[in-house]
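One-letter residues, chain by chain:
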Amino acid sequence: MPETKKFLYVNRKAPYGTIYALEALEVVLIGAAFEQDVSLAFLDDGVYQLTKGQDTKAVGMKNFSPTYKALGDYDVNKIYVEQESLDARGLSLDDLLPLTWEDEDDDWAEKDSIKVISATEMAQIMEQSDIVLSF
Amino acid sequence: MKFSVMISEGPYTHQASDTAYNFTKAALEDGHECFRVFFYHDGVNNGTRLASPPQDDRNIVNRWSELAKEYKLDLVLCVAAAQRRGIADADEAKRNGKDADNIAPGFRISGLGQLIEAGIRSDRLITFGD
């Protein structure tokens, strides 16, 4: 097997209304077993996927947002959220799920997984990735 | 160059499968190697042999089957996506207690790991979606 590649999963769509967000998360969870360098990006309506307090009872769909909290346990801890997308929707970091991971190289200190970055920085992360899967 | 393809949309509603087919065919004719074509989301609907499009239109499913035969392509339908959408081979039909299968020739059903592996093992992974 060749060396580790940088995988970037780009999430652009709202969590409900289409199945892309849910099936993207399924790819991320399966992909975590392959010990690659994994990052997630959330932009456009994709930022809604990480919002707190999702309640799907009225639409009869499964609320899968608690699964994002498990990403840290899968060593998926580079989660980039685009500032401009948050701003355009009147959202801030406080509206998002508190996603964390435990750093085994730092006495299992709990650290934040989410980094809010600019569109310019997002472009750089895409540029540096080997595999970009957009959902 | 060794490439793989991911197709995220079903046939006819979206152009994704047509474009992916044209790309794959052209790349193969140009001497490139295709490691895998992976169908995800509604893309798994490209793999039903029960599709019967009008005679005067292209047959998207048959086209993939024929290309697979000619170039020994690995056409993989994601199992989780296929189960949701009612695409089954004989094993899947039996496992899920269904009375029929509908997978088209040249396709097989397997897991999402096949997509990740395609990314790792190919020089490029090209996605065709909406």
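Further up the page is the structure itself.
Just so we're clear, the structure is a prediction, and the values are computed from it rather than from any experiment. (Residues numbered from 1 in each chain as written. Chains lettered and ligands numbered in written order. Predicted model: local features only at pLDDT ≥ 70, side-chain atom pairs only at ≥ 80, totals over all residues. Heavy atoms only, no water.)

A. Expanded view of the overall build of chain A. Per the secondary structure count, chain A includes three helices and seven strands. Across chain A, helices and strands are ordered from the amino to the carboxyl terminus as β-α-β-β-α-β-β-β-α-β. For chain A, the C-alpha radius of gyration of 15 Å lies close to 14 Å, the compact-globule estimate for 135 residues. Along the first, second and third principal axes, the C-alpha set of chain A runs to 45 × 30 × 30 Å. Counting all 135 residues of chain A, 43% fall into the buried class. A fraction of 78% describes how many contacts in chain A between residues 6 or more apart in sequence connect residues 24 or more apart. With an accessible surface of roughly 7,200 Å², chain A has 47% of that area assigned to carbon and sulfur atoms. For chain A, the distance from the average position of its 12 positive side-chain charges to the average position of its 26 negative side-chain charges is 5 Å. (Helix = DSSP H or I, 4+ residues; strand = E, 2+ residues; numbered from the N terminus. Rg over C-alpha atoms; globule rule 2.2 N^0.38 Å. Buried < 20%, exposed > 50% of the residue type's maximum accessible area, 1.4 Å probe, protein only. Contact = heavy atoms within 4.5 Å. Areas by Shrake-Rupley, 256 points an atom, 1.4 Å probe, with all protein chains shown as cover. Lys, Arg positive; Asp, Glu negative; His and termini not counted. Charge placed at Lys NZ, Arg CZ, Asp CG, Glu CD.)

B. The arrangement of the nonpolar core in detail. One finds Y9, L40, L50 and Y68 of chain A together with Y40, W64 and F107 of chain B to be the most contacted residues of the largest nonpolar core, which totals 66 residues. Among all residues touching Y68 of chain A, those that are not within four sequence positions of it are A21, L25, F42, Q49, L50, L97 and L99 of chain A. Grouped together as the second largest cluster of nonpolar side chains are eight residues, L8, V10, Y80 and I117 of chain A included. (Core = buried A, V, L, I, M, F, W, Y, C linked by side-chain atoms within 4.5 Å.)

C. Spatial organisation of the sheet that holds strand β4 (residues 107-110) of chain B. All names here are of chain B. On the basis of which strands lie adjacent, the open sheet formed by five strands has the order β4-β3-β2-β1-β5 and parallel pairing. A single partner strand is all that each edge strand has here, and the edge strands are β4 and β5 (124-128). On average, adjacent strands in this sheet sit at an angle of 25° to one another, irrespective of strand direction. Of the pairings in the sheet, the one linking strand β1 (residues 2-7) to strand β2 (residues 33-39) comprises six bridges and is parallel in character. (Pairing = 2+ DSSP bridges. Axes fitted to C-alpha atoms, helices over the stretch in contact; angles between N-to-C directions.)

D. The interface of chain B and chain A, seen in detail. Counting from both sides, the interface comprises 20 residues of chain B and, opposite them, 20 residues of chain A. Carbon and sulfur atoms make up 67% of the area that chain B and chain A hide from each other, which totals about 1,700 Å². Here chain B is connected to chain A by three salt bridges. Put simply, R84 of chain B and E23 of chain A hold a salt bridge, and the shortest N to O gap is 2.8 Å. Where chain B meets chain A, there are nine residue pairs in polar contact (both at pLDDT 80 or more). Of all the secondary structure elements, the ones that give two or more residues to the side of chain B that touches chain A are α3 (79-85), α5 (113-121) and β5 of chain B. (Buried area = accessible area lost by both parts, 1.4 Å probe. Salt bridge = Lys/Arg side-chain N within 4 Å of Asp/Glu carboxyl O. Polar contact = N/O pair within 3.5 Å; in protein donor to acceptor, adjacent residues only side chain to side chain.)

E. The layout of surface pockets, seen in detail. A volume near 230 Å³ is recorded for the largest pocket. For the lining of the largest pocket, the element with the highest residue contribution is strand β4 (residues 100-103) of chain A, accounting for four residues. In terms of residue class, the lining of the largest pocket is built from two nonpolar, three polar and eight charged. Looking at the second largest pocket, its volume works out to about 170 Å³. K13, S134 and F135 of chain A together with G129 and D130 of chain B are, among the 13 residues lining the second largest pocket, the residues nearest its centre. Here the residues of the lining of the second largest pocket are counted per class, giving four nonpolar, five polar and four charged. (1 Å grid on protein atoms, 1.4 Å probe; cavity = no way out; pocket = protein on both sides within 12 Å on 5 of 7 lines; lining within 4 Å. Points joined across faces, edges and corners; volume = space filled by probe spheres on them. Nonpolar A, V, L, I, M, F, W, Y, C, P; charged D, E, K, R; others polar.)

F. Highlighting the pattern of salt bridges. Inspection of every chain in the model, using the stated rule, returns 20 salt bridges over all chains. Residue E92 of chain B pairs with R95 of chain B through a salt bridge whose shortest N-O separation is 2.8 Å. Taken as a pair, E92 of chain B and R95 of chain B lie in helix α4 (residues 90-95) at a separation of three residues, close to a single helical turn. If you follow the salt bridges from partner to partner, you end up with E23 and E26 of chain A together with D42, R84 and R85 of chain B in one network.

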